[in-house]
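Descriptive structure summary
Now for the letters of each chain:
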Amino acid sequence: MKTTGIIAEYNPFHNGHIHQIETIRRQTDTGIIVVVMSGNFVQRGTPAFTDKYLRTAMALASGADFVFELPVIYASASAGLFALGGIALLESLGFVDSICFGSECNNMAVLKQAADILLNGGSQFNFSISQSVQSGISYPMAQHMAIKKHFPGIADNICEEAAKPNNILGIEYLKALVLLKSKITPYTIQRCDSGYNSQDYSLNKGNFISAAAIRNAFINEPEPLNAVSPFIPLNTLDILSQNRDRININENMFSGVLYYKLREITCTCGDKEAVQRLAGFLDVSEALAGRIIKNMCNYNTFTGFVQTLKTKQYTYSRVCRSLIHILLDIHTYDYNIKLPLSTGNCINPLQVTPYARLLGMNKDKSHVLKKIKNTVLVTKTADATRLFQNSSILKQHGMESFAKKTFEKDIFAADLYRLVSKQGNNPCPDEYRAGVIIK
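Let me sum up the structure you'll find in this document. Treat the numbers as computed from the prediction; the structure is a model and nothing was measured.

Glancing now at the packing of aromatic side chains. A complete count under the given rule lists 14 aromatic pairs for this structure. With 4.9 Å between their ring centres and 50° between their planes, Y299 and F305 make a pair best called tilted. Note on F305: relative accessible area 0%, which makes it buried. Measuring from centroid to centroid gives 5.4 Å for Y355 and F407, while their planes differ by 80°, and the two rings are edge-to-face.

This is how it looks when you write it as structure tokens:
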């Protein structure tokens, strides 16, 4: 029985996601679908629309067999680390045969060619990217310029496709498979909606719109569930309808706690020390740290501050991720791998994701979990520390402390999300009381 992995956010789950699952079932001999899913914070640098437990229930109701949580230090990171974390977790399970991802181009040859260039472009190629970034150009644009400069014969096609959001992630998945020397086979299917970043729910293709468009409906529509009902599976609609106090969580709910964290840093030391402290967080450069300090007097809301800070170099998403990393106390030293990533590095999946936290499963497939030998399976929060301390595989690679610290970040992020997002009488579950969701 073949197993296919999916790396996802399901923010929230929609028709495009069930199309992917059904296409995998229909076009392959896959018997088990394993999802690695972001927890309560997502890759664009915001809190998730709804908590990970509801999103797990949506996935299981629509055909997923297992849902594992992607640790927050990867779930909230840029595309490269996000992809590396997801692939490493799938690889560490030991029973995943393939990974399926959506893309705009649906052309594996083009995606592999782009991944090869970005991994093996050479020192001059990487130097060109570095120079462009230092001059104030955003990293995606710097990559685009370097490809056009060093690979002019194939640049146009590669650059066009490498700039599209799902293609970007697909390329990063392919790079991660190489970096981890994984035998997992990748394949892609066509993305069906108007685009990852499309927020217009009137621009639908059939019954497909993006998760961003669904979230936008909750901002603009008096009856958002009615507005988006054609674009999400019926079981997802039922879950959302029955848990209205746990949905539509947004970054501005975190404006107060973010302001407190920034003020605690910027007001308790001089500007030079504040820059050094801020620049220790993932994705925060010294220049961005300086902009944060300079503009604290203009702080109003999370999104308002992002708009104030963003520039051509610092895109909206980059600033969001930077602020989330400050809020969640995620530093560059929280990773157990050398950054930036390089094919010269030999990466063990345990160096990336030293445990697999199970959020939900199909009980009829539970026997598959017995195949997990090369990582620590966590099903109960209270057991995690003991499991890490007693794990022979973690001891063999000296990863006990890294596993404990990474897991603590997950718990902190989940607790903060639960506290801030609490609405009415239906908060999301406490980490020590929430069990594995069984279908």
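Our next topic: the environment of Y432. Note on placement: Y432 falls in the loop between α21 (400-421) and β10 (437-438). Between the C-alpha atoms of Y432 and S241, which are 191 residues apart in sequence, the distance is 26 Å. Non-local contacts of Y432, meaning those with residues more than four positions away in its chain, are made with T381, A382 and I411.

So, on to helix α1 (residues 15-27). In this model, α1 (13 residues) spans 18 Å end to end at C-alpha, consistent with the 18 Å of a helix rising 1.5 Å per residue. N15, H17, I18, Q20, I21, T23 and I24 are the residues of α1 that are buried.

Turning next to the pattern of salt bridges. Enumeration according to the criterion identifies 17 salt bridges in this entry. Note that E69 is salt-bridged to R357, the shortest N-O span being 3.3 Å. Placement of E69 in strand β5 (residues 66-70) and of R357 in strand β8 (residues 355-361) is noted, with a sequence separation of 288 residues between them. For D383, the salt bridge goes to R386, with nearest N and O atoms at 3.7 Å.

Judged by nonpolar contacts, the single largest core of 112 residues is most densely connected at F68, L278, I292 and L323. When residues of this core are assigned to their parent elements, the largest contribution, ten residues, is made by helix α4 (residues 79-93). Within the second largest apolar cluster, 35 residues are counted, among which are I33, A59, A213 and I214.

Moving on: the packing of helix α13 (residues 255-267) against helix α14 (residues 271-278). Orientation of α13 relative to α14, taken along the N-to-C sense of each, is 135°, at an axis distance of 8 Å. As far as their axial angle goes, α14 and α13 are oblique. On α14, the residues touching L262, E264, I265 and T266 of α13 are A274, R277 and L278. Residue composition of the contact of α13 with α14, grouped by class: four nonpolar, one polar and two charged.

This brings us to the state of the cysteines. Under the defined criterion, the tally for this structure stands at zero disulfides. The cysteine C269 is free of any disulfide, with C267 supplying the nearest cysteine sulfur at 8.9 Å. Among the residues examined, C269 registers a relative accessible area of 14% and is labelled buried. Among the cysteines around C297, which has no disulfide bond, C267 carries the closest sulfur, lying 11 Å off.

Below, the discussion takes up the pairing of strand β6 (residues 98-103). On a regular strand, one side chain projects to one face of the sheet and the next to the other, so that they alternate. Most of β6 sits out of view: five of its six residues are buried. Strand direction decides the pairing type here: strand β1 (residues 2-8) and β6, joined by two bridges, are parallel. Looking at β6, one finds that G5 is bridged to I99. Where β6 and strand β7 (residues 185-190) come together, six bridges link them in parallel fashion. Each bridged residue has a counterpart across the sheet, and for S103 the counterpart in β7 is Q190.

If you trace the backbone, V368 turns up in the loop between β8 and β9 (376-378). A relative accessible area of 2% means that V368 is categorised as buried. In this structure, the C-alpha to C-alpha distance between V368 and L93, residues 275 residues apart in sequence, is 10.0 Å.

If you check α21, its first and last C-alpha atoms are 32 Å apart, about what 22 residues at 1.5 Å a residue would give, namely 32 Å. Within α21, burial applies to F402, A403, T406, F407, K409, D410, I411, A413, A414, L416, Y417 and S421.

Bringing the pairing of β8 into the picture now. Burial of β8 is extensive: seven of the seven residues sit out of reach of the surface. Sheet topology places β5 next to β8; four bridges connect them, and they run antiparallel. Note on β8: the bridge partner recorded for E69 is R357. Strand direction decides the pairing type here: β8 and β9, joined by three bridges, are parallel. Looking at the pairing, Y355 lines up with V376 of β9. Sheet topology note: the β8/β10 ladder contains two bridges and is parallel. Considered in β10, the bridge of G360 is made with I437.

Procedures and definitions
Residues numbered from 1 in each chain as written. Predicted model: local features only at pLDDT ≥ 70, side-chain atom pairs only at ≥ 80, totals over all residues. Heavy atoms only, no water. Phe/Tyr/Trp six-rings, centres within 6.5 Å; stacked < 30°, edge-to-face > 60°. Buried < 20%, exposed > 50% of the residue type's maximum accessible area, 1.4 Å probe, protein only. Helix = DSSP H or I, 4+ residues; strand = E, 2+ residues; numbered from the N terminus. Contact = heavy atoms within 4.5 Å. Expected span 1.5 Å × (residues − 1). Salt bridge = Lys/Arg side-chain N within 4 Å of Asp/Glu carboxyl O. Core = buried A, V, L, I, M, F, W, Y, C linked by side-chain atoms within 4.5 Å. Axes fitted to C-alpha atoms, helices over the stretch in contact; angles between N-to-C directions. Parallel < 35°, antiparallel > 145°, perpendicular 65-115°, else oblique. Nonpolar A, V, L, I, M, F, W, Y, C, P; charged D, E, K, R; others polar. Disulfide = S-S within 2.5 Å. Pairing = 2+ DSSP bridges.

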